[in-house]
Amino acid sequence: EPLKVYISKGNSIYVRVRYLMGSPFEIMAFGGTVPCGETPVCENAIEAAFNEIARLERLLSIFREDSEIARINRGERSADPDVQEILALSAEYQKISHGAFDIRCSGSDGTINLGAIGKGYAIDKAVAILKRFGITCAKISCRSTIYGLGTPDGTSGWPVTIESPYGGEGFPVLLYDQAISTSSHAEQFGH
């Protein structure tokens, strides 16, 4: 989808959506007094962030036979630093959660699937790219995983509503230089 530019309270808002990792990713970056006020800077930053997500998808997808994860699942090794980092993070989260978080998806055969951590990891890497371009106010979302960088003008954070699994009103939260990820049966059957 092409870059869209909106004006709100004198600031430019740059928005682009791309379908990656099986989901629509949206990046929204605010302009104004920050360097993002120049369209080429924002456009280049958003494009670079999407390119990073696409690069990680090529490494981490179980649906690509040429991905590093597919190679690992075939018994091969991967020396890629991002793959090593995400596997280390997964092991740490498995330990912290006393085994509740587990990237092995087929029991004891060792097959791994990074679906529970991959999008969040990709969003963290995309945020780092935006920061390198000087972006100080942005939101990256991919369905139920959202990162709020900085704050929109005059606010305490990025407003996000967590949908109630029981129907009715959701739960409002504010994100400031942090992410949130939710999973429920209402979002996807079986979660």
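Refer to the preceding data block for the structure.
Please read these numbers as outputs of a predicted model, since none were measured by experiment. Here the residue index of a chain counts from 1 through its sequence in written order. A pLDDT threshold of at least 70 governs which residues receive local features in this predicted model, and a stricter bar of 80 or more applies before side-chain atom pairs are shown or counted, although totals over entire chains, interfaces and linings include all residues. Only hydrogens and water are set aside; all other atoms, that is, all heavy atoms of the structure, feed into the side-chain values.

Q: Tell me about the packing of aromatic side chains, and name the residues and values.
A: When two rings of Phe, Tyr or Trp (its six-membered ring) have centres within 6.5 Å they constitute a pair, described as stacked for plane angles under 30 degrees, edge-to-face for angles over 60, and tilted for the intermediate range. Throughout the structure, instances matching the rule amount to two aromatic pairs. An angle of 85° between the planes, with centres 6.2 Å apart, marks the rings of Y93 and F101 as edge-to-face. Throughout, exposure labels follow a simple rule: accessible area from a 1.4 Å probe, protein chains only, divided by the maximum for the residue type, with under 20% read as buried, over 50% as exposed, and the rest as partly exposed. With a relative accessible area of 36%, Y93 lands in the partly exposed category.

Q: So, the pattern of salt bridges: which residues are in play, and what are the values?
A: What counts as a salt bridge is simple: a side-chain nitrogen of Lys or Arg found within 4 Å of a carboxyl oxygen of Asp or Glu. For the coordinates displayed, the defined rule picks out 11 salt bridges. Linking D82 and R55 is a salt bridge whose minimum nitrogen-to-oxygen distance equals 2.6 Å. Separated by 27 residues along the polypeptide, D82 in helix α3 (residues 81-96) and R55 in helix α1 (residues 39-60) bring together distant segments of the chain. By relative accessible area, R55 is classed as partly exposed at 26%. Between R74 and E76 there is a salt bridge, with its nearest N and O atoms 3.5 Å apart. The exposure class of R74 is partly exposed, given its relative accessible area of 48%. A run of H or I in DSSP becomes a helix once it reaches four residues, and a run of E becomes a strand once it reaches two; helices and strands are each numbered from the N terminus.

Q: Tell me about the nonpolar core, residues and numbers included.
A: The nonpolar side chains of a soluble globular protein tend to be buried with one another. Formed by 37 residues in total, the largest nonpolar core has its most connected members in F25, I53, L60, L130, I135 and I140. Of all the elements in the fold, those that place two or more residues in this core are β2 (11-20), β3 (23-30), α1, α3, α4 (118-132), β4 (138-142) and β5 (145-149). Sorting elements by how many residues they give to this core places α1 first, with 10 residues. Setting aside residues up to four positions removed in sequence, I140 forms contacts with F25, E26, I27, I123, A126, V127, L130, T145, I146 and Y147. Within the second largest apolar cluster, nine residues are counted, among which are M28, F30, W158 and L175. Think of a nonpolar core as a cluster: buried Ala, Val, Leu, Ile, Met, Phe, Trp, Tyr and Cys residues, connected wherever their side-chain atoms sit within 4.5 Å. By definition in these notes, contact holds between two residues if any of their heavy atoms fall within 4.5 Å.

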